[in-house]
Amino acid sequence: MNKSLLLPHRYKKPGWYVLIPAVVAGLLLYISGAEPAWLNMKMLALIEFPLMQADAQQATGPFFHIIQDNISNELVGMLIITGALMVGFSKEHNEDEFIARVRLNALLWAVLVNYSILLFCFLFFFGLEFYSVMIYNMFTVLFLFILRFHYLLYRQSRFTADEK
Amino acid sequence: MKNNIKVERAVLDITQEQLARHVSVSRQTINAIETRDYVPSTVLAIKIARFFGKSVEDIFTLEQED
């Protein structure tokens, strides 16, 4: 693995501090459907095809216009992805070629498992439920990777704990 | 691929940690090599052999299935 693509180790802890609250906030927002009013603001839409007919009448066209939007989804999504990237792709304090291999193995495992789950959902989830699957799926590959990577590191360190 | 790092370590009476520090890797890496979970890169294999003052093939040997 090209180590220059990894962040320095010092980004790992802040990554957790971003990721965990963002996941909690994301779940709360998703379950409650709440959209805090203070997060209503004007955004530049590079492209937007309005879902509602009423919006369509207001819209001047799908490209490059200012829209009124609640940015809670965008904010939480960005924080989850940023936090997960910081946690998953910061160097370990003892990063070396073996840990790089563990990292790549975990990434491969995560991609395979993620797309296996997605294939299953393609076949058996329909309508709005599939929409939920797509939302979760934006993040699951990173989550699976982080979980697998840390499990493998933990397993390795447990095996070596008493070794002389 | 087999290796006799554990034996060589015993000869010098050093721990995995000490060897790891000398060749600039983590202790897990040395452990994974010893337990044959991991085949080191050529660079690391040469570093380890040099540390023991031997050639790479004195430390690492191919097996039938390699």
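Along each chain, numbering runs from 1 in the same order as the chain's sequence is written. Chains carry letters and ligands carry numbers; both start at the beginning, A for chains and 1 for ligands, and go up in the order they are written. For a predicted model such as this one, the threshold for reporting local features is a pLDDT of at least 70, and the threshold for listing and counting side-chain atom pairs is 80 or more; totals across whole chains, interfaces and linings nevertheless cover every residue. Excluded from the side-chain calculations are hydrogens and water; all other atoms, namely the structure's heavy atoms, are used.

Novice: Whenever I open this one, the overall build of chain A confuses me. Can you help?
Specialist: Helix and strand labels come from DSSP, where a helix needs a run of H or I of at least four residues and a strand needs a run of E of at least two; each type is numbered from the N terminus. Secondary structure summary: chain A contains 5 helices and 2 strands in total. Mapped from its N terminus to its C terminus, chain A presents α and β elements in the order α-β-α-β-α-α-α. Only protein chains enter the accessibility calculation, which uses a 1.4 Å probe; a residue is then buried when its area is under 20% of its type maximum, exposed when over 50%, and partly exposed in between. Across the 164 residues in chain A, those meeting the buried criterion constitute 32%. Contacts are residue-level and defined by heavy atoms, with any inter-residue pair within 4.5 Å sufficient. A sequence separation of at least 24 residues applies to 77% of the contacts in chain A between residues at least 6 apart.

Novice: I'm lost on the interface of chain B and chain A in this one. Help?
Specialist: Frequently, the measure chosen for interface size is the accessible area removed from exposure when the parts meet. Listed per partner, the contact involves 17 residues of chain B and 12 residues of chain A. By definition, the buried area sums, over both parts, the 1.4 Å-probe accessible area that each loses when the two are put together. Buried area between chain B and chain A, both sides added, is near 1300 Å², and the carbon and sulfur share of it is 46%. Summed over the three residues of chain B that lose the most area to chain A, namely Arg27, Gln28 and Tyr38 of chain B, the buried surface amounts to 43% of that side. Identification of polar contacts relies on pairs of N or O atoms within 3.5 Å, with a donor-acceptor requirement for protein atoms, meaning one able to donate a hydrogen and the other able to accept it, and with residues adjacent in sequence counted only if both atoms are side-chain atoms. Along the contact surface separating chain B from chain A lie 6 residue pairs in polar contact (both at pLDDT 80 or more). Looking at the side of chain B that touches chain A, the elements with two or more residues in it are helix H1 (5–12) and helix H3 (27–34) of chain B. Looking at the side of chain B that touches chain A, the element that brings in the most residues is H3 of chain B, giving 6 residues. Across the side of chain B that touches chain A, the residue classes break down as 5 nonpolar, 7 polar and 5 charged. Under the grouping applied here, Gly and all other residues not named as nonpolar or charged are polar, the nonpolar ones being Ala, Val, Leu, Ile, Met, Phe, Trp, Tyr, Cys and Pro and the charged ones Asp, Glu, Lys and Arg.

Novice: Would you mind going over the packing of aromatic side chains with me for this structure?
Specialist: In this description, an aromatic ring pair is defined by two values, namely the gap between the centres and the angle between the planes. The rule is short: rings of Phe, Tyr and Trp, with Trp giving its six-membered ring, pair when the centres are within 6.5 Å, and they are stacked under 30 degrees, edge-to-face over 60, tilted in between. If you walk through the whole model with that rule in mind, you get 8 aromatic pairs over all chains. Centroid distance Phe98 of chain A to Tyr38 of chain B: 5.2 Å. Interplanar angle 55°. Geometry classified as tilted. In this pair, Phe98 of chain A sits in helix H4 (residues 97–124) while Tyr38 of chain B sits in the loop between H3 and helix H4 (42–51), so the two residues belong to two different chains. Here Phe98 of chain A matches Tyr38 of chain B in class, with each residue buried. With centroids separated by 4.9 Å and ring planes inclined at 50°, the aromatic side chains of Phe120 of chain A and Phe124 of chain A adopt a geometry described as tilted. Pair noted here: Phe120 of chain A and Phe124 of chain A are both in helix H4, with a separation of 4 residues, about one helical turn. Taken together, the ring pairs in this structure connect Phe89, Phe145 and Phe149 of chain A into an aromatic cluster.

Novice: Would you take a moment to explain the nonpolar core for this structure?
Specialist: Nine residue types can take part in a nonpolar core, namely buried Ala, Val, Leu, Ile, Met, Phe, Trp, Tyr and Cys, and a core is a set of them joined through side-chain atoms within 4.5 Å. Ile5 and Ile48 of chain B are the most contacted members of the largest nonpolar core, which totals 39 residues. Only helix H1 (12–32), helix H3 (72–88), H4 and helix H5 (128–160) of chain A together with helix H2 (16–22), H3 and H4 of chain B provide two or more residues apiece to this core. For this core, the leading source of residues is H5 of chain A, giving 8 residues. Apart from the residues lying within four places of it in its own chain, the contact partners of Ile48 of chain B are Ile5, Val23, Ile30, Ile33 and Phe60 of chain B.

Novice: Got a minute to help me understand the environment of Val76 of chain A in this structure?
Specialist: Residues and elements named next belong to chain A. Mapped onto the elements, Val76 comes out in helix H3. Residue classification places Val76 among the buried positions, given a relative accessible area of 13%. Along the primary structure Val76 and Leu19 are separated by 57 residues, whereas in three dimensions their C-alpha atoms are 9.5 Å apart. Dropping the residues within four chain positions of it, Val76 is found in contact with Ala22, Ala25, Gly26 and Leu29.

Novice: How do you make sense of the confidence of the model for chain A when you look at a structure like this?
Specialist: Note: predicted coordinates in regions of low pLDDT should not be interpreted at a detailed level. Chain-level pLDDT for chain A is 87 on average; 88% of the residues reach the 70-or-more range. The predictor's confidence in any single residue is recorded as pLDDT, a number from 0 to 100. Ranking the elements of chain A by mean pLDDT puts helix H2 (residues 53–58) of chain A last with 54 and H4 of chain A first with 95.

Novice: What exactly am I supposed to notice about a nonpolar patch on the surface here?
Specialist: Residue and element names in this part refer to chain A. A cluster of nonpolar side chains, Leu44, Leu46, Ile47, Phe49, Phe63, Phe64 and Ile66, forms an exposed patch at the surface whose accessible area comes to about 830 Å². Those elements giving two or more residues to the nonpolar patch turn out to be strand S1 (40–47) and strand S2 (63–70). Position of Ile47 among the secondary structure elements: in strand S1. Only residues whose relative accessible area exceeds 30% and that take part in no salt bridge are eligible for patches, with like-charged residues grouped when within 9 Å of each other and nonpolar side chains (Val, Leu, Ile, Met, Phe, Trp, Tyr) grouped when within 5 Å. Only the protein chains shown count as covering a residue, and every accessible area follows the Shrake-Rupley method with a 1.4 Å probe. Salt bridges are identified by distance alone: a Lys or Arg side-chain nitrogen within 4 Å of an Asp or Glu carboxyl oxygen.

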